[in-house]
Amino acid sequence: STLFPYTTLFRSALAVKYGGLPIIRKKPMYSLARSLLFKLDAEKAHHFTLDALNKVYKLGLLPIFDNRIKPVKLMGISLPNPVGLAAGLDKNGEYIDALGALGFGFLEIGTVTPKPQSGNPQPRLFRVPEHQGIINRMGFNNHGIDAMIQNIEKSRYQGVLGINIGKNAVTPIENAADDYLICLEKAYAHASYITVNISSPNTKNLRALQGGDELSALLEALKNKQAQLAAAHGKYVPLAVKIAPDLDEAKIEDIAHVVKSVEMDGIIATNTTIDKSSLGSHPLAGEQGGLSGLPVREKSNQVLKILAEHIDGKLPIIGVGGIMNGKDAAEKIRLGATAVQVYSGMIYKGPALVKDCLAALK
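Model, not experiment: these values are computed from the prediction.

### Focus on the overall build of the protein
For step 1, the next point in the chain: From N to C terminus, the protein includes twelve helices and 15 strands.
For step 2, the next point in the chain: For the protein, the C-alpha radius of gyration of 19 Å lies close to 21 Å, the compact-globule estimate for 362 residues.
For step 3, the next point in the chain: Projected onto its principal axes, the C-alpha positions of the protein cover 60 × 50 × 40 Å.
For step 4, the next point in the chain: Considering the protein as a whole, with its 362 residues, one finds that 59% of them fall into the buried category.
For step 5, the next point in the chain: Long-range pairs, those at least 24 residues apart, make up 73% of the contacts in the protein with a sequence separation of at least 6.
For step 6, the next point in the chain: About 15200 Å² of surface is accessible on the protein, with carbon and sulfur atoms providing 52% of the total.
For step 7, the next point in the chain: Positive and negative charge centroids in the protein, built from 41 and 33 side chains respectively, lie 10 Å apart.

### A word on the pattern of salt bridges
For step 1, the next point in the chain: In this structure the tally under the stated criterion is 13 salt bridges.
For step 2, the next point in the chain: Taking the shortest distance from any N to any O, the salt bridge between D146 and K186 comes out at 3.1 Å. Separated by 40 residues along the polypeptide, D146 in helix α5 (residues 145–154) and K186 in helix α6 (residues 176–187) bring together distant segments of the chain.
For step 3, the next point in the chain: Taking the relative accessible area as the measure of exposure, K186 reaches 34% and is therefore partly exposed.
For step 4, the next point in the chain: The residue D246 makes a salt bridge to R207 at a minimum N-O spacing of 2.7 Å. Here R207 lies in the loop between β10 (193–197) and α7 (212–233) and D246 lies in the loop between β11 (239–243) and α8 (249–261), a separation of 39 residues in the sequence.
For step 5, the next point in the chain: What makes D246 partly exposed here is its relative accessible area of 26%.

### Remarks on the sheet that holds strand β7 (residues 125–128)
Pairing between sheet strands relies on hydrogen bonds along the backbone, with the strands arranged either parallel or antiparallel.
For step 1, the next point in the chain: Taken in spatial order, the three strands of this open sheet run β7-β8-β13, and their pairing is antiparallel. Single-partner strands in this sheet number two, and they are β7 and β13 (290–293). With direction set aside, neighbouring strand axes in the sheet form an average angle of 25°.
For step 2, the next point in the chain: As defined by bridge partners, strand β8 (residues 133–136) adjoins β13 across four bridges and the pair is classed as antiparallel. By the bridge assignment, I134 is partnered in β13 with S292.

### Here's the deal with the side chain of S200
For step 1, the next point in the chain: Along the polypeptide, S200 turns up in the loop between β10 and α7.
For step 2, the next point in the chain: When its relative accessible area of 7% is taken as the criterion, S200 is described as buried.
For step 3, the next point in the chain: Polar side-chain contacts of S200 include one of 3.2 Å to the backbone nitrogen of N202.
For step 4, the next point in the chain: Here S200 is in contact with F140, L206, R207 and N271, once residues within four sequence places are set aside.

### Quick word on the packing of aromatic side chains
The description of an aromatic ring pair rests on the distance of the ring centres and on the angle between the ring planes.
For step 1, the next point in the chain: Evaluation of the coordinates by the stated rule reveals two aromatic pairs.
For step 2, the next point in the chain: Its guanidinium or amino end placed over the ring of F38, R34 lies 5.9 Å from that ring's centre, counting from NZ or CZ.

### Describing the confidence of the model for the protein
For step 1, the next point in the chain: Counting all residues, the mean pLDDT for the protein is 92, and 92% of those residues have values of 70 or more.
For step 2, the next point in the chain: Residue range residues 1–7 is modelled with pLDDT below 50. Its contacts to residues more than four positions away, or to other chains, number eleven contacts.
For step 3, the next point in the chain: Here residues 16–26 is a poorly scored stretch, pLDDT under 50, and it has 28 contacts once near neighbours within four places are set aside; other chains count.

### Focus: α7
An α-helical turn contains 3.6 residues, so any two residues separated by three or four positions project in the same direction.
For step 1, the next point in the chain: With 22 residues, α7 extends 31 Å from end C-alpha to end C-alpha; this agrees with the ideal 32 Å at 1.5 Å per step.
For step 2, the next point in the chain: Considering only its buried residues, α7 is in contact with α6, β10, β11 and α8.
For step 3, the next point in the chain: With its phi angle positive at about 70°, G234 sits one or two positions after the end of α7.

### Structural notes on the environment of K225
For step 1, the next point in the chain: For K225, the position within the fold is in helix α7.
For step 2, the next point in the chain: K225 sits 44 residues away from L181 along the chain, and the two C-alpha atoms are 7.3 Å apart.
For step 3, the next point in the chain: Aside from chain neighbours lying at most four places away, what touches K225 is L181, L184 and E185.

Scoring rules and cut-offs
Residues numbered from 1 in each chain as written. Predicted model: local features only at pLDDT ≥ 70, side-chain atom pairs only at ≥ 80, totals over all residues. Heavy atoms only, no water. Helix = DSSP H or I, 4+ residues; strand = E, 2+ residues; numbered from the N terminus. Rg over C-alpha atoms; globule rule 2.2 N^0.38 Å. Buried < 20%, exposed > 50% of the residue type's maximum accessible area, 1.4 Å probe, protein only. Contact = heavy atoms within 4.5 Å. Areas by Shrake-Rupley, 256 points an atom, 1.4 Å probe, with all protein chains shown as cover. Lys, Arg positive; Asp, Glu negative; His and termini not counted. Charge placed at Lys NZ, Arg CZ, Asp CG, Glu CD. Salt bridge = Lys/Arg side-chain N within 4 Å of Asp/Glu carboxyl O. Pairing = 2+ DSSP bridges. Axes fitted to C-alpha atoms, helices over the stretch in contact; angles between N-to-C directions. Polar contact = N/O pair within 3.5 Å; in protein donor to acceptor, adjacent residues only side chain to side chain. Phe/Tyr/Trp six-rings, centres within 6.5 Å; stacked < 30°, edge-to-face > 60°. Lys NZ or Arg CZ within 6 Å of the ring centre and 35° of its normal. pLDDT = per-residue confidence, 0-100. Expected span 1.5 Å × (residues − 1).

Below, the structure written as structure tokens:
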């Protein structure tokens, strides 16, 4: 029935507060909901699920999870726990309050651009359940930074909120800094921290900004603007940069040198991968876009490990990519991350993933 996915998702979220997911016919609630959601187009299921979560929150049926499990400092910010939500799930900040009730130590919304844009043509989101992966070529679809700020101002969320910023597709790559500076200025007063996304594979030439000279010029411009905004607003909002998993050691070392030299506040490793060799002969292996979920875990961990060696404790790293259970989260902390973020794992495991990660990190 139409209501069954709503009902099971509601009960699944409620159960997180009370020690695990209830069982129906020996299957967790979210597994039952997922089996129905996976019959829908992936993008439609995405919106359906978030709308369902939002409805139960607004009805007052979603208990607020006590997320004060393992406090940690990140970029000078006090987190109640080190498990965050990665950017991409809530691109416009429309579901902040509901997502904030699931136990996360922090949320990151976006990627947002100066002007609204529709993104790439549909279909542009594909599940690969045989590999617990997701392919997306969304293309920074969002309502624009002004609409996001309106949503933030309407929310009641009091936790740590990161805003992930990018450039519009129509902006020439040589003018990319202009877009980032616009978003930084508008987001500054509303963010706990701001992430500079230069690693999505779905905006033409964006990853070229990870190059040494291009990266240095962009980050220096953003750090200068950050200093001006800090003086104007009377508060310091940290800046992080998000990098790709498709980097060799020389490139990682170069990025580490740049982020240290310009005194960035943090770095997020990693975004999605363009390498789909792990999918073998799967029919979706030829789809364009970034691959996330379990298939990116090893590549992401390798970048994290090398990055941590070259960063040498000079700034914190947020580990993201392929976290499907608590053990995966703990591994990223072991490899050098201060905190972690999840997204694709939530699609396959549901809200219980947050609790599993917290249990492993305790």
